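# What the coordinates show
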Amino acid sequence: MIHSPSSSASGRSATSRTTSRAKTSVLVSGIQPSGRLHIGNYLGALKNFVDLQRSGEYQCHFFIADLHSITEPFDLREKHRQITELSADYLAAGLDPKQSVLYVQSHIPAHSELMWILSTITPMGELQRMTQFKDKSVRQEENINAGLFTYPVLMAADILLYGARTVPVGDDQLQHLELTRTLARKFNAKFGETFIEPKGLLTKTPRVMSLKDPLKKMSKSQPEGCLFLDDEPEAIKAKIARAVTDSETTIAYDPEKRPGLANLLEIYAALTHLEPRAVAAEFDGESYAELKRKLAGLVAGYFAEFRAKKRTLLSAPSKVTAIFDKGSKKATKAAEAKIAEVKRRVGFSA
Ligand code: AMP
Ligand code: TRP
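Residues numbered from 1 in each chain as written. Chains lettered and ligands numbered in written order. Predicted model: local features only at pLDDT ≥ 70, side-chain atom pairs only at ≥ 80, totals over all residues. Heavy atoms only, no water.

A large share of strand β4 (residues 100–104) lies buried, amounting to five of its five residues. Neither face of β4 is left uncovered, since the one carrying S100, L102 and V104 and the one carrying V101 and Y103 both have all their residues buried. (Buried < 20%, exposed > 50% of the residue type's maximum accessible area, 1.4 Å probe, protein only. Helix = DSSP H or I, 4+ residues; strand = E, 2+ residues; numbered from the N terminus.)

Below you can see the structure in the form of C-alpha cells.
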C-alpha cells in the first residue's frame, strides 16, 4: 500500500500537466450509492479522488458501485434516487467528466462477467476471512446473501478490468484489495499475463471515527455519529458540539488515550492541510468548546460551495444522469476489450 503524496495530490495548479504528458497509469475507485456521503467518505476517499484527478498524473476512472450496494437491504425507488444523488456528489465535489471517466457499474455488463470468471479461482476460505463480510453478517443477520459474500470478487473485477495500478480507498477496503492482488496473480499464473496487480492509496485520514463513539469508524449504518457533506451549518454545529471527547481540559493530540479529541483534530487538520499536532498547538490554552465552535465553522464553510453545487445539480437530475451515461459508454469500450481478452485466455471464443 502507498500513501498519497500530499504535495502532488492537492491544488488546482497541477491541472496544466494533464495536457503536456500522456496519462498512462490507470486509477480506479468507486463508492456505493447507499445514502448521503459523510466526512469519512470524503476525507478517506472522495477528496483524494478530486486531488488525484487534478494532479494530472493518472487516467482516472470513478464509478458508482450500484451492483455492490444491492447486497444490503434497499428500496427500489430510493436506489434510483441514491444513484443520482451520488452522481451529483461526485460532480459537486469536483470530479470532472472532461478529466475522468465517470460511470455507473451496472451499465457495464463486463464487470459482472469478469466477476464470474474470477469467482472460479477465488478460494472460499479467503472470502470467509473478510472483515467486512463478518461485520455485515452480524449487522444484517436476516439477509446474509451470497452477494455479500462474493462482494470482494466483484470489486476485484471492477479494478482488474481497467488495468488499474492505483486504487484510492479508505483503510476498510485494503483487505479487499489484497484479495484483488491475489486473484490477479492467480489468474496470470494459470492463464498467462493478463492483469496488473493494483495498489491501494490511502489519505492521511484513512479512518475517520464516529462523533458518537470515537472507537468506531464513522459509518452510514450509524447516522448519529456522522457529519454529512450536505448537513446545514446548524446541524454541523449541533453535531460537533455533542461529539464525544473526554473529561480532560487541555487540548493535545493523543489518539490512543484521547480518541474523540484526536478525531476532531484530525478532521480539522485534513481540511486545513495542517498536521493534527500543529492544530492542537494552535488551540493550546483554549477550551474544547472553542475548538468545537471553530471546527463547526470550518466544516460549514468548507462545504458551502459543495452544498450549493449539489443543490443546483439536483435541480436538473437528467443532466447529471446524462453525464454518467456518456461516461458509461466510454468505460464500456475499454471493459469490452478486456473481457474479450479474458475469455480468450480461459479458452472461450470471443
Ligand atoms: P462506502 O460508502 O462504504 O462505499 O465507502 C466509500 C469510501 O469511503 C471507501 O473508500 C471507504 O473506504 C471510505 N470510507 C468509508 N467510511 C470511512 C471512514 N469512516 N473513514 C475514512 N474512509 C471511509
Ligand atoms: N467496496 C467499496 C466500498 O465499499 C466500493 C467499491 C466497489 C470499490 N468496487 C470498487 C472501491 C473498486 C474501489 C475500487 O467502499
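On to the side chain of T203. Positionally, T203 belongs in the loop between β6 (199–202) and α10 (233–241). We classify T203 as buried; its relative accessible area is 9%. A distance of 3.1 Å separates the side chain of T203 from the backbone nitrogen of T205, its partner in a polar contact. (Polar contact = N/O pair within 3.5 Å; in protein donor to acceptor, adjacent residues only side chain to side chain.)

In contact at an axis separation of 9 Å, helix α2 (residues 39–55) and helix α4 (residues 76–93) are set at 60 degrees when each is read in the N-to-C sense. Relative to α4, the element α2 lies oblique. The interaxial crossing formed by α2 with α4 has right-handed handedness. Mapping the contact onto sequence places Y42, L46, F49 and V50 in α2 and D89, Y90 and A93 in α4. Residue classes in the contact of α2 with α4 are distributed as six nonpolar, no polar and one charged. (Axes fitted to C-alpha atoms, helices over the stretch in contact; angles between N-to-C directions. Parallel < 35°, antiparallel > 145°, perpendicular 65-115°, else oblique. Left-handed = near helix turned anticlockwise from the far one by under 90°. Contact = heavy atoms within 4.5 Å. Nonpolar A, V, L, I, M, F, W, Y, C, P; charged D, E, K, R; others polar.)

One non-glycine residue, H273, lies in positive phi territory at about 60 degrees. Within the fold, H273 resides in the loop between α11 (259–272) and α12 (276–282).

Each domain of the protein chain was delimited in the assignment, giving domain 1 (25–207 + 316–346) and domain 2 (232–302). For domain 1 versus domain 2, the distance between C-alpha centres works out to 32 Å. At the junction of the two partners, domain 1 supplies six residues and domain 2 supplies eight residues. Between domain 1 and domain 2, roughly 580 Å² of surface is buried when both sides are summed, and carbon and sulfur atoms account for 65% of that area. Of all residues in domain 1, I39, L43 and K47 bury the most surface against domain 2, accounting for 55% of the area lost on that side. For the pair domain 1 and domain 2, the number of links is one salt bridge. Ionic pairing is found between E275 and K204, a salt bridge with its closest N-O pair at 3.1 Å. The interface formed by domain 1 and domain 2 holds two residue pairs in polar contact (both at pLDDT 80 or more) in total. Residues that form the side of domain 1 that touches domain 2 fall into these classes: three nonpolar, one polar and two charged. (Domains from an automatic or database assignment. Buried area = accessible area lost by both parts, 1.4 Å probe. Salt bridge = Lys/Arg side-chain N within 4 Å of Asp/Glu carboxyl O.)

The subject of this paragraph is the nonpolar core. The biggest cluster of nonpolar side chains holds 59 residues, and the ones touching the most others in it are I39, L46, Y90 and V299. Sorting elements by how many residues they give to this core places α11 first, with nine residues. With residues near it in sequence (within four places) discarded, V299 still touches I39, L227, I236, I240, I267 and L271. Counting residues in hydrophobic clusters, the runner-up holds 40 residues, among them F63, L114, I159 and L183. (Core = buried A, V, L, I, M, F, W, Y, C linked by side-chain atoms within 4.5 Å.)

Moving on to the site of ligand 2. Neighbouring residues of ligand 2: 13 residues in total, closest Q32, H68, Y151, D158 and Q173. The contact in question runs from a nitrogen atom of ligand 2 to an N or O atom on the side chain of Y151, over 2.7 Å. With respect to ligand 2, the side chain of D158 contributes an N or O atom lying 2.6 Å from a nitrogen atom. Elements with a contribution of two residues or more to the shell around ligand 2: β2 (25–31) and α8 (146–160). Top element by residues in the shell around ligand 2 is α8. It accounts for four residues. Residue composition of the shell around ligand 2, by class: seven nonpolar, five polar and one charged. (Near = heavy atom within 4 Å.)

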